[in-house]
Amino acid sequence: MNPLPVLAGAAAAWGLATLIALTCGSTRAGIRVCCAVSGLGGGAALAGGVSALLSGNSRVVSAGGSVVVGTLQLQATSLAGVFVALLGLIAVATAAYVPRYHEPSHATGLYLGVFNLAMLASLAVLVAGNVVTFLVAWETMALLCYLLILRRPRRSEVAAGAFWFLALSEVGFVAIVAAFVILAAKTHTMQLDLIAARAHLVSGDWRVAAYLLALTGFGFKAGLVPLHVWLPEAHPVAPADGSAFLSGLITKLGVYGIALFGFVLLPSGPAWRGVLTMAAGAVTAAIGILYALNERDIKRFLAFSTIENIGIIITAFGAAMTFLAYGQRLLWAFLLLAGLYHVANHGSYKTLLFQEAGVIEHATGTREFDRLGGLAHRMPRSSVISFVGTLGIAALPPLNGFVSEWLIFQGLFQGFRTGSHLVAILIVLAAGTLGLTGGLAVYAFVRGYGIPFLGMPRTRQAAAASEARQPQAGPTLLAVACVALAVGAPVMLAGLARALRTITGVTLRPVLLPGNLTVIPAHTKFSGFSPTWLTVFLLAVSAVPVLIYLAGRPRGASRAEPVWDGGIVAFKPRMQYSAMTFSAPTRVMFDALYQPSVSVDRASDEPAGSSGPVHYESEATPIFERYLYRPVIRAFEWLADVVRPIQSGDVNLYLFYVFAAVLVAYLIAAL
Amino acid sequence: MTSQGTTELTVQENAEELRRTVTRLFGRSLHIRTLDTGSCASCEQEIRLLAAPHYDLHRLGFFFTPAPRHADLLMVTGPMVRAFENAARKTYDAIPDPKIVVATGACALGGVYQPDPFTHGGVGGTFPVDVWIPGCPPSPLALLQGLLVAVGRLADKVKDLDFALNGTPR
Amino acid sequence: MPLWTLRGLRRGVVTTRYPARPDASAQLLPTPPAFRPEVLTPRLADRLAAVCPSRALARDGDMLVFDVGACTACGRCRAEAPEATAASGEFELAATARAYLVKRIPLGGRPA
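What counts and how
Residues numbered from 1 in each chain as written. Chains lettered and ligands numbered in written order. Predicted model: local features only at pLDDT ≥ 70, side-chain atom pairs only at ≥ 80, totals over all residues. Helix = DSSP H or I, 4+ residues; strand = E, 2+ residues; numbered from the N terminus. Buried ≥ 20, exposed ≤ 12 C-beta atoms within 10 Å, placed from the backbone. Contact = placed C-beta atoms within 7 Å. Nonpolar A, V, L, I, M, F, W, Y, C, P; charged D, E, K, R; others polar. Axes fitted to C-alpha atoms, helices over the stretch in contact; angles between N-to-C directions. Parallel < 35°, antiparallel > 145°, perpendicular 65-115°, else oblique. Left-handed = near helix turned anticlockwise from the far one by under 90°. Pairing = 2+ DSSP bridges.

Q: A description of the overall build of chain B should follow, citing residues and the corresponding values.
A: Secondary structure summary: chain B contains five helices and five strands in total. In sequence order, the secondary structure elements of chain B are arranged as α-β-α-β-β-α-β-α-β-α. For the C-alpha atoms alone, the extent of chain B along its principal axes is close to 55 × 50 × 40 Å. Counting the 170 residues in chain B, one finds 46% classified as buried.

Encoded structure:
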């Protein structure tokens, strides 16, 4: 099936939804209709994406254009198929989520219009067939996302977060333009598939420069460390569905860009390019989760977790590129496949978690961990859905996060096949870093699920939480998707293997899925694992305690007594772990990274309580902000100060500039 | 057991049946939870010595446990200070049945302290006590004897003593 | 560690064999008193009851009521009337009923 008409249908649906939102978004019925149309568009995008995955690269379709910007060309590639399908899934889930989340108002109508246009722009980025289409769509997407974040522009942190997003997006855009310009100039064409075909025309140095520029530029959007600073500022301040879209899809557009340059446009390169990418990914993953453990706000915590997962995906891509440099084509394709699978998985469970964070925020009025607690009893369905998402993101079996991380690890463990001792050691180091990240992720998500949902409510608002009239359809759909991606992993992997054959030319299916249910990592006799059988096994094993209980239940009278609490008078919520104390061990162990600054304020030196309270404050140093961004910003401000005298405001000076410029132009022409 | 429809056991036979059941359940493996309801801790020091090499209660199959859920026997010392009564009751309730309560030391048995606004003067009113161990503090040997009486491995000796000396002074 | 092991092996087993065999240290224990009925008079019984800090002694008619459970073996009654009391030497005093610990000793002495 040709995916392009289906995707055109999706785009039309989103355009129609935008119109509906802008005109009648201030009524509840208008919002419902807009979301229904948007959801249909999402379904079409999902179908189109899957079809693009399976049917290979479509032909390039020219859709008009102008002399100034060139032709608008579209092509649905297999690589983009995963991302388009993910966009479709997120669109459907958001469409189910929005009606109960947003209050109908004029601002909501505008917001939904912008949202649908942003989805349309993202689709355009993914199906762009030439450089100009890509860049125009990219910039449009960035601006629309900026407007998306600004749903409540009068709040100060919203404006700051949105500004960070736009500023760093633009800096990245400069690098992306430079990368594309290099390639287009050297291959004398603007069409992406022709650039890929003529990649050999670009000499080694230019290839490296283009790739590094692309890695930096797309890294800004994806959230690679140290280019990630905007992510924890921008994602939390957007409304929940906006944050979900940003984390679930927009960061993946950065990943798509890196994959485009690394695997399609410039597939072959020196090994150090892959090692650099892998190292960047591993560092990103570790730093992302370490900072996530230090957060008291649910959405900032999830934003840092996004950084961690992006790091994992980029590590997989980097290792794939390294393997290709040593001729290991199977592992090259395998790790690309594993990375793309992780893209789909992360998109599904991160969107779910952000949507649930929005539900919690609306139910309790707060986003801080230390003000929540005991929500499992008060919001049972939301807690079950969040639990599915948490299991997925903590990469615990049998869910989808586990399958994709297992694949990535198995690929990394085969580093010895490169034949170079140094590179093999570096790959193992990356695997070790991912292992640390995985452990910390479980720790972080025990905190992320346990503190809000389990235990006793820590405040009255948490005790009064209720999930009546809260959106549930959207998160439920995503939870079902997570489970389906896990249990149906063989189907998913078979589809991805088809796509990989188009992208890389490597036939992965026989060495990936020899039977129909077992997955092996590209080489037999290394390891194997069956996600479906694992799920069945875990379900069967969890039946054992149930059976033991049923068989061994006391037949005589039994007595129910409260949980043993040490005989204290009453259990108070403040006796529980707080989010920050739970993660205190990491702050102690990694204090070289956090460099906490501690301030203690006491009325006198008497022991606490006899002279008044003691005020204790500990703050982790924002390393990248302080040591990288602030100096760069200060340097630019200095430069602006130096240059300011040019703008004196004096008309005569400006006329002199015009005269001088014309004079210089004559002189140059004369030479 | 008579040949009539209902079984009619004498008090004596009941007690014997109970002792046999208790010995069967706890005779070789008993987990003890100690509870201090306001004592001077002398009894606690003697109880601690039970785990030391000289007295070694582990050789008899007895163990200390802090968790009431895992305990079989509650060893109570102290005169039951009123402020502690709630916690003591909670501890008793948290121990699963069947359980044994042993009151240890003169304070718990009603000596030393009279009932007043701060203390009950003894633990008899708070729990149903099974074995009473006198002493101030009871030596570890007395404690061992008390525990063995509680699980039915030794017979209760004191009921046959009369504390009256007959004949020449010792 | 090796020194500790050798020292321990040289010292031998220190664990008591109680209850299978009597423990030698039991003879050193302070124990509740035993009374001589033929020496006890009502006045002596009242003096003993007054001096007991633990309310273990009381006079009920012509019986001395001795609550073994309340006795702390402080020795005050022995100091007050050494001719009427002596250490009982009994330390195995665990009782399955509180009443077993309340002893009634007849006051057989003739008032002087």
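Right, picking up where we left off after that structure.
Q: Could you give an account of the interface of chain C and chain B, naming the residues involved and the relevant values?
A: Counting from both sides, the interface comprises 38 residues of chain C and, opposite them, 38 residues of chain B. Those elements that provide at least two residues to the side of chain C that touches chain B are β1 (33-35), β3 (63-67) and β5 (102-106) of chain C. A breakdown of the residues in the side of chain C that touches chain B according to their chemical character gives 23 nonpolar, seven polar and eight charged.

Q: How would you sum up the packing of helix α11 (residues 271-292) of chain A against helix α17 (residues 421-453) of chain A? Please name residues and give values.
A: All names here are of chain A. In contact at an axis separation of 9 Å, α11 and α17 are set at 20° when each is read in the N-to-C sense. Taken together, the axes of α11 and α17 lie roughly parallel to each other. The two elements α11 and α17 meet at a crossing, and its hand is left-handed. Residue-level contacts link A271, V275, M278, A279, A282, A285, A286, I289, L290 and A292 of α11 to V423, L426, A430, T433, L434, L436, T437, L440, A441 and A444 of α17.

Q: Could you give an account of the packing of α11 of chain A against helix α12 (residues 298-325) of chain A, naming the residues involved and the relevant values?
A: Residues and elements named next belong to chain A. Between α11 and α12, whose axes approach to 7 Å, the crossing angle comes to 160°. When the axes of α11 and α12 are compared, the pair comes out roughly antiparallel. The interaxial crossing formed by α11 with α12 has left-handed handedness. Residue composition of the contact of α11 with α12, by class: 19 nonpolar, 10 polar and two charged.

Q: Now, about the sheet that holds β5 of chain C: what can you tell me, with residues and values included?
A: All names here are of chain C. Taken in spatial order, the three strands of this open sheet run β2-β3-β5, and their pairing is antiparallel. What marks the edges here is a single partner per strand, and that holds for β2 (57-60) and β5. In this sheet, neighbouring strand axes are inclined to one another by 30° on average, regardless of whether the strands run parallel or antiparallel.

Q: Any details on the arrangement of the chains? Residues and values, ideally.
A: Contacts are most numerous between chains B and C, considering all two pairs of chains that are in contact. Between chain A and chain C there is no contact, and the shortest C-alpha to C-alpha separation is 26 Å.

Q: Before we move on, could you go through the interface of chain B and chain A and cite the residues and values that matter?
A: Listed as interface residues are nine residues of chain B and, on the opposing side, four residues of chain A. Partitioned by chemical class, the residues of the side of chain B that touches chain A number four nonpolar, two polar and three charged.

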